[in-house]
Amino acid sequence: MKRHSKLLIGVNHTIDEKIASAHSMYEEAGRILLTNPIIATYLQEYQNTITTSWLVMEKTGVVAICTDCAVNTGGSCCAQGIENRFDATLLLINLLLGRSLPASPLDPTCCRFLGEKGCLLIARQTICVNYLCKRLQDELSRDQLLAVMETNERECDLNFRLEEALKACLFHI
Ligand code: SF4
Ligand code: SF4
């Protein structure tokens, strides 16, 4: 692997360049990364945390409210341009967790990663995880909001630690 060059694909590159970089890193280093004990442990912990986040969002009603919003009012939060906040490492995490990255947008007026049934990614940007729109703030109780915020924070924290571990690991491959 050519050290550094792929890690330099950051937020200022186009989403197509970042997706290509993530695929390239996955092809060249995916097997090594998946068998690295530190990365493997982080990936497992991260996946578990994401599963818990979705359970909390289902239990508190976030999933039902967002589904209603998307189906009945067209939704409004997965807007075009949010994909540009992703870097190649976060996209690589999606590949390591078994997700595919779309070759083209389903709807060019929306985020590149929005599929027919919602977000195609498992590892998402902090802004996607933390976003609580006015409707959610109005319809959820204080305890529900706190539960969602707590689990979201854990997810974002693990995301950060996993990304840092991956960058350190890729630097030495
Ligand atoms: S976060 Fe708010 S705007 Fe986005 S889908 Fe859910 S309810 Fe709709
Ligand atoms: S949740 Fe997914 S589809 Fe929505 S803005 Fe974030 S990455 Fe895009």
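Please refer to the structure higher up on the page.
No experiment lies behind these values; they were computed from the predicted model shown.

1. As for the site of ligand 1
Taken together, Cys-66, Cys-69, Ser-76, Cys-77, Cys-133 and Leu-136 make up the full set of residues adjacent to ligand 1. Considered class by class, the residues forming the shell around ligand 1 number 5 nonpolar, 1 polar and no charged.

2. Some words on the side chain of Glu-163
Following the sequence through the fold, Glu-163 ends up in helix H7 (residues 142-172). For Glu-163, a relative accessible area of 10% gives the class buried.

3. Focus: the side chain of Ser-53
One can find Ser-53 in helix H2 (residues 37-60). Owing to a relative accessible area of 0%, Ser-53 belongs among the buried residues under this scheme. A distance of 2.8 Å separates the side chain of Ser-53 from the side chain of Glu-155, its partner in a polar contact. What Ser-53 contacts, discounting residues up to four positions off in sequence, is Thr-151, Asn-152 and Glu-155.

4. A word on the nonpolar core
By size, the foremost hydrophobic cluster in this structure holds 33 residues, and its most contacted members are Leu-33, Tyr-46, Leu-91, Ile-93, Phe-113 and Leu-162. Listing elements by their share of this core, those giving two or more residues are helix H1 (15-35), H2, helix H4 (88-96) and H7. Sort the elements by how many residues they give to this core and H4 lands first, with 7 residues. Not counting residues up to four positions away in its chain, the partners in contact with Leu-33 are Ile-39, Ala-40, Leu-92, Leu-96, Leu-166, Cys-169, Leu-170 and Ile-173. Counting 9 residues, the second largest nonpolar core, distinct from the first, contains Val-56, Val-62, Leu-132 and Val-148.

5. A closer look at the pattern of salt bridges
In total, this model carries 8 salt bridges according to the counting rule given. Where Arg-135 meets Asp-68, a salt bridge forms, and the shortest distance between an N and an O atom there is 2.8 Å. In this pair, Arg-135 sits in helix H6 (residues 134-139) while Asp-68 sits in helix H3 (residues 62-73), placing the two residues 67 residues apart along the sequence. By relative accessible area, which is 28% here, Asp-68 ends up partly exposed. With a closest N to O distance of 3.7 Å, Lys-167 and Glu-163 form a salt bridge. You can see Lys-167 and its partner Glu-163 sitting in helix H7, 4 residues apart, about one turn around the helix. Bridged by salt links that share partners, the residues Asp-68, Arg-135 and Glu-139 form one connected network.

6. Some words on the site of ligand 2
Close to ligand 2 lie Cys-78, Ile-82, Phe-86, Cys-111, Phe-113, Leu-114, Cys-119, Arg-124 and Cys-128. Across the shell around ligand 2, the residue classes tally to 8 nonpolar, no polar and 1 charged.

7. Some details on the environment of Val-63
In this structure, Val-63 sits in helix H3. If we ignore the near neighbours within four places in the chain, the residues touching Val-63 are Trp-54, Met-57 and Glu-58.

8. Here's the deal with the packing of H1 against H2
The N-to-C vectors of H1 and H2 enclose an angle of 80 degrees; their axes lie 5 Å apart at closest approach. Judged on the interaxial angle alone, H2 and H1 are roughly perpendicular. Where H1 approaches H2, its residues Leu-33, Leu-34 and Thr-35 are matched on the opposing element by Pro-37, Ile-39, Ala-40 and Leu-43. Considered class by class, the residues forming the contact of H1 with H2 number 6 nonpolar, 1 polar and no charged.

9. With respect to H3
Residues separated by three or four positions in an α-helix point in the same direction, a consequence of the helix having 3.6 residues per turn. In this model, H3 (12 residues) spans 15 Å end to end at C-alpha, consistent with the 16 Å of a helix rising 1.5 Å per residue. Buried positions along H3 lie against H2, H6 and H7. In the segment just after H3, Gly-74 is the residue with positive phi, at about 80 degrees.

Rules of the game
Residues numbered from 1 in each chain as written. Chains lettered and ligands numbered in written order. Predicted model: local features only at pLDDT ≥ 70, side-chain atom pairs only at ≥ 80, totals over all residues. Heavy atoms only, no water. Near = heavy atom within 4 Å. Nonpolar A, V, L, I, M, F, W, Y, C, P; charged D, E, K, R; others polar. Helix = DSSP H or I, 4+ residues; strand = E, 2+ residues; numbered from the N terminus. Buried < 20%, exposed > 50% of the residue type's maximum accessible area, 1.4 Å probe, protein only. Polar contact = N/O pair within 3.5 Å; in protein donor to acceptor, adjacent residues only side chain to side chain. Contact = heavy atoms within 4.5 Å. Core = buried A, V, L, I, M, F, W, Y, C linked by side-chain atoms within 4.5 Å. Salt bridge = Lys/Arg side-chain N within 4 Å of Asp/Glu carboxyl O. Axes fitted to C-alpha atoms, helices over the stretch in contact; angles between N-to-C directions. Parallel < 35°, antiparallel > 145°, perpendicular 65-115°, else oblique. Expected span 1.5 Å × (residues − 1).

Just geometry here; none of it tells us what the structure is for.
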